[in-house]
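Residue-level structure breakdown
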Amino acid sequence: MKSVDVSKIFRSCSSRSRTVLLAASWMLALATIISAANGQETSAPSEQSTTQGVGNEPGAVGQTTSGFSERDSNQVNTPSATHSVALSTDQIIRLLQQTPDLIVELKSQVADRLQEQGTEINADDISDQMLYDQIASSASLRTSITTFLRARGYVTDEDLQVSRSVVSAEGADSATFTQRTQPQVTNSDAARLAADGALYSGQPLTDGNNLPLSVTRPTISTRSDRASEERQRSSEQVNTSTDAPKVLRQPTPYNLQAMRDLYTQIPDQNASLKRFGSDVFENHNLPAAMLGATDRGNPLDVALGPDYVVGPGDTLTINLWGSITQSFTRTIDREGRVFLPEAGSLQVAGLPLERAQGQIEADLKQQFRNAQVSITVSRLHSVRVYVVGDVQRPGGYDISALATPVSALYAAGGPTAAGSLRMLRHYRGQQLVEEIDLYDFLLHGLRSGSTRFESGDTVLVPTAGPQVAVSGAIKRPAIYELKAGKTTLDTVISDAGGFTPAASLSHITVERIDANHQRETVTLNLAGNQGLGSDHAAVSEFQVQDGDRIRIQPVLPYSQRAIYLSGHVVRPGRLPYTDGMRLSDVLHSYQDLLPEPAAHGEIVRLIAPDLHAETLDFNVPDVLIGNANVGLQPFDTIRIFGRYEADAPKVTIRGEVLRPGAYPLSKGMTAAQLVRMAGGFKRDALQENADLTSYEIVDGDRITESLSTVHIGAAVAGTDATADVGLKPGDLLTIYQVTGWNDIGQSITIEGQVKYPGSYGFQEGERLSSVLRRAGGFLPAAYPTGAVLVREQVRELEQKSRDELIRQIETNSAAARLSPNIGTGDQAATMQLIKAQQEQALTDLKSHPPVGRMVIRITADIDSWANTPADIELRRGDVLTIPKRPGFVLVTGQVYNATALTFTPCKAASWYLAHAGGTNSTANRKEIFIIRANGSVVGRHSGGIFDSDVLSTKLDPGDVVVVPQKIIGSSLVWRNLLTTAQLASSIAITAAVATL
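Since this is a predicted model, take the numbers as computed values, not measurements. (Residues numbered from 1 in each chain as written. Predicted model: local features only at pLDDT ≥ 70, side-chain atom pairs only at ≥ 80, totals over all residues. Heavy atoms only, no water.)

**Some thoughts on the overall build of the protein**
The cut-off we apply is this: By the criteria applied, helices consist of DSSP H or I runs no shorter than four residues and strands consist of E runs no shorter than two, each listed in order from the N terminus. In this analysis, two residues are considered to be in contact whenever any of their non-hydrogen atoms come within 4.5 Å of each other. Methods summary: accessible areas were calculated by the Shrake-Rupley approach with a probe of 1.4 Å, and residue burial reflects only the protein chains presented.
Across its full length, the protein carries 26 helices and 41 strands. Of all intrachain contacts in the protein linking residues separated by at least 6 positions in sequence, the fraction that spans at least 24 positions is 64%. Taken as a whole, the protein presents about 52100 Å² of accessible surface, with 50% of it coming from carbon and sulfur.

In structure tokens:
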């Protein structure tokens, strides 16, 4: 099989074309690799775990690849129910993005497997997007990659159990959601239900920029709702320094981790920011007490101070003890009075609680001597407060007397998008009672001693003041409102929670609006490289303005003092770089390497200033003993190869072994060891001798081959120490089959009119008469003359001839079939007739496949033809059918009545043709032929006494008279082709008729 250089094709194709071009080939390779990790491929014994399979060898089976250790296979083979659980597309892609080493490993494995299969492709030609597209589109691939990740230790059983529980919960949630009875849906409800459906399906609801939208869930509270809300909260992104940096990875010229780190861009995130504090008012299911609404059914459980002013609607609990013990409650009526036993009505409205208690106590002591009195307020009265301005639901609200302006604002739904959060005004009539800044409460938890409401008070929410947007490496990105006056950038940063450790103070940009003129981009006046203190000073001096969009860029997303270790090592990945670091500081001993490393290693170094790649070779054993100690530089990639990875020495075994194929050549491997690695001999193996083909390169420009014989049976059994021979790279060992093995169990099938029909075994060289005698001979109704012997080898030859005939008919030009003397006007009609005749001939050939019938001439008297040329030798798979005497002659083709006529002795073909109505106008009477019941053909050119007139032939039962169609066209080749096609189709029909 000739290999194709796919990499050249890639470089001339678009990105989408590359994806389509690779999809079929590398998906197969990746599936093979993952199945190898899953232990699904047939593997050699433990000491042979590094063998590989060759896909283009007949009968070859895949072996465990060099990239997968036996330890991995053992892990995967552990029975676990988690194997059937696959991570989602987002989980797999997130893991690959967080672990770039894993992408490098997957690409390298895919490229290696494709190269083994004959496709010239480099790991660098497989882009990340190709990998992500296939993961998103293939559920089976996600399952296989999950198994691969588990074998590599990136995913644990606990992770898969969590994934399974999440999937189960999502399924239950979806079922619960669909069973709800949904009311009439308004526009706002439709948005909520769409958001709820998105959460139940596990898909985030996004806006036009693919940014998550903040949604308000339906007020229906169920277990599935709570589960979805918890998953939503757990999936919220938090801008912390421990987050992996969000970057855009560009295609790299080399499949190196160092390149992947350097080929990254910090994205310009234009995410829609929310106004700080707006989400505080989004929860409309808060308890009534938090909203400040009155609830006459709930007792007051808050201790009131002595300065609380009682009023109409307050319920007082009065306790007496001393000369009398009594407790009763009284509600202050609309006139501000409270009715006391034995003392009458008392005016208390408008008095502080301490004075009201004193007056009540004084009145009751006049009626009850030595009585002690205590008063508590058990229920509060409500006040009517008006919330106006830029609020969601302006109007009057009956709220608790203890409610604050914040409570009133809650009751009104919070400010609108244009409402202020920093300048709430509390009015009593025309008097401004106080101004409230909600940022003190939202940022610092401080609540000022707000004046309590009185009925008729007003809370005004004015239009928001200046606003700035802060995003990037900040702990709380949002839109912040400024107070009147000048505000510096450090104040805004403080409100936003401060910088994250990943913030780069030297890269702060401000998108500013030059009022009523234009937009402009400004930067801070930094003092250069004078230290972090000068940067903070510049931040504290920078004045922000209304409409500023402040973007704090993060530091570089990679470490500039790191080196990378990859390949055939125990701990691949990123390592810290120190000044004066050398190669021996990374490779200490063979314990840092996987088994059987190659002697060749390399350092891929990125040379400044443009960081182009160069490769430095080194000898691994020399480094480990300290003879070669190369100095390292930042971004160096140290690559160690396995012995079987690069131009691995291999030997091949073919023939009668359990697992033929190519195997890595280990040190000191012999022919006997190769046979054992291939699973040992099959039962049909010839163990006496085997052929060993070796090659040598002479003068570097030509190859010489040599063939030797190995006493392989004695070598494997160990009975002859001199029989075994050592192997060299490229050797081919061939184990042959025992003579006659394929003839064991050969049989023939006899059907129809014999005494004992069935399957009969036979010996080599046995003839038909012998098997017929064992079958008991013919039955009285048998018609041996029409016997049908079908042989598979004959059918294959007929099929090849028929395919060639079809090809010739299809490719023969219609113009070449026309007669030169046909006029121009008749050419179109003639060509239509020729085309119709061609299509009919092709249809007949394709609808009547060959059966592989052999013409045999036998009679009921077996002894008369036994051991004569008519007594043919049998072959494996022959099928002999002995029909009953048919009693008819078939007339077919271009006749007026194609039918089967009752056989009449001594009648010629012309008699039967006349009784079928004779030939029609399209018949070719010169080419009429007869197919005998035994399959032989009698035609105009058959020779003998029937050469002049076929129709004078005396017919026997089962014979067929075929009247072919006239061939249109003057070409002799064309007429011969169609005549042959008609004959082939008729013979296939006759074989079917003979078995009726």
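Read on, since the account is not over.
**Describing the confidence of the model for the protein**
Convention followed: As a per-residue measure, pLDDT reflects the predictor's confidence and takes values from 0 up to 100.
With 74% of its residues at a pLDDT of at least 70, the protein reaches an overall mean of 75. Strand E31 (residues 732–735) holds the highest mean pLDDT among the elements of the protein, 95, whereas helix H9 (residues 187–200) holds the lowest, 34. Across residues 37–83, where pLDDT falls below 50, the model places 96 contacts with residues more than four positions away in sequence or in other chains. Below pLDDT 50 for its whole length, residues 286–298 participates in 25 contacts with residues either more than four positions away or in separate chains.

**Focus: the pattern of salt bridges**
Our working definition: One speaks of a salt bridge when a side-chain nitrogen belonging to Lys or Arg is within 4 Å of a carboxyl oxygen belonging to Asp or Glu. Per-residue accessibility, obtained with a 1.4 Å probe over protein chains only, is compared with the maximum for each type, and a residue is labelled buried under 20%, exposed over 50%, and partly exposed between these values.
Counted under the stated rule, the structure contains 21 salt bridges. Across the salt bridge formed by Asp579 and Arg561, the nearest N and O atoms sit 2.9 Å from each other. One end of the pair, Asp579, is in the loop between strand E23 (573–576) and strand E24 (597–607); the other, Arg561, is in the loop between strand E21 (549–554) and strand E22 (562–567), and 18 residues separate them in sequence. Judged by its relative accessible area of 41%, Arg561 is partly exposed. The salt bridge involving Glu873 is made with Arg767; its shortest N-O contact spans 4.0 Å.

**Details of unusual backbone geometry**
Between Ala608 and Pro609 the backbone carries a cis peptide bond, its omega angle lying at 5°. Here Pro609 is to be found in the loop between E24 and strand E25 (612–619). Residues other than glycine seldom take positive phi values, yet Leu611 does so here, at roughly 60°. Assignment of secondary structure puts Leu611 in the loop between E24 and E25. Look at Leu611 and you get partly exposed, because its relative accessible area is 31%. If you check the backbone angles, Phe635 has positive phi at about 75° while not being a glycine. Mapped onto the fold, Phe635 is located in the loop between helix H18 (620–625) and strand E26 (637–642). With a relative accessible area of 9%, Phe635 lands in the buried category.

**Concerning the sheet that holds E21**
Note: strands within a sheet are paired through backbone hydrogen bonds, in either parallel or antiparallel orientation. For clarity, the cut-off: Only strands joined by at least two bridges in the DSSP assignment are considered to pair. Angles run from 0 to 180 degrees between N-to-C directions of axes, and those axes are lines fitted to C-alpha atoms, restricted for helices to the stretch in contact.
As summarised here, the arrangement of the five strands in space is E16-E15-E21-E18-E19, forming an open sheet in which the pairing is mixed. Looking at the sheet topology across the chains shown, the edges are occupied by strand E16 (478–481) and strand E19 (518–523). The mean angle between the axes of side-by-side strands here comes to 20°, regardless of whether they run parallel or antiparallel.

**Some points on the sheet that holds strand E11 (residues 395–400)**
Read from one edge to the other, the open sheet built from five strands follows the order E11-E10-E14-E12-E13, with strand pairing classed as mixed. Of all the strands in the sheet, just E11 and strand E13 (431–436) have a single pairing partner and so form its edges. With direction set aside, neighbouring strand axes in the sheet form an average angle of 30°. Note that strand E12 (residues 424–428) and E13 share five bridges and pair antiparallel. Bridge pairing links Leu424 to Ile436 in E13.

**Quick word on the pairing of E31**
Alternating positions in E31 separate into two faces, Leu732 and Thr734 on one and Leu733 and Ile735 on the other, with burial throughout. The sheet contact formed by strand E27 (residues 650–655) and E31 spans four bridges and is parallel. Across the sheet, residue Ile653 finds its bridge partner in E31, namely Leu733. Where strand E29 (residues 690–698) lies against E31, three bridges are found, and the strand directions are antiparallel. When the bridges of E31 are listed, Asp691 appears paired with Thr734.

**Some remarks on the nonpolar core**
Across soluble globular proteins, nonpolar side chains show a tendency to be buried alongside one another. Put simply, the rule reads: Nonpolar cores are built from buried Ala, Val, Leu, Ile, Met, Phe, Trp, Tyr and Cys residues. Side-chain atoms within 4.5 Å join them into one set.
Core analysis: the biggest nonpolar cluster contains 46 residues, and Leu489, Phe499, Ile508 and Ile552 have the highest contact counts within it. In this view, Ile552 contacts Val470, Ser471, Gly472, Ala473, Ile493, Phe499, Ala503, Ser504, His507 and Ile508; residues no more than four positions away in its chain are not counted. Counting 23 residues, the second largest nonpolar core, distinct from the first, contains Tyr308, Val310, Leu316 and Ile375.

**Topic: the environment of Phe903**
On the secondary structure map, Phe903 appears in the loop between strand E38 (899–902) and helix H25 (909–915). On the accessibility criterion, Phe903 (19% relative accessible area) is buried. If we ignore the near neighbours within four places in the chain, the residues touching Phe903 are Arg885, Gly887, Phe888, Val889, Tyr912, Leu955, Asp956 and Pro957.

**Quick word on the side chain of Asp314**
Tracing the chain through its elements places Asp314 in the loop between helix H12 (288–291) and strand E5 (315–321). In contact with Asp314, other than residues within four places in its own chain, are Tyr308, Val309, Arg330, Thr331, Ile332, Val377, Arg379, Leu380 and His381.

**Regarding the packing of aromatic side chains**
As a reminder, the rule being used: Each Phe, Tyr or Trp ring, with Trp reduced to its six-membered ring, pairs with another whose centre is within 6.5 Å; inter-plane angles below 30 degrees give stacked pairs, above 60 give edge-to-face pairs, and intermediate values give tilted ones.
Going through the model one piece at a time under the given rule, you end up with four aromatic pairs. Their ring planes at 90° and their centres at 5.3 Å tell us that Phe276 and Tyr439 sit as a pair that is edge-to-face. Of this pair, Phe276 sits in the loop between strand E4 (264–265) and H12 while Tyr439 is found in helix H15 (residues 438–444), placing the two residues 163 residues apart along the sequence. Judged by its relative accessible area of 1%, Tyr439 falls in the buried class.

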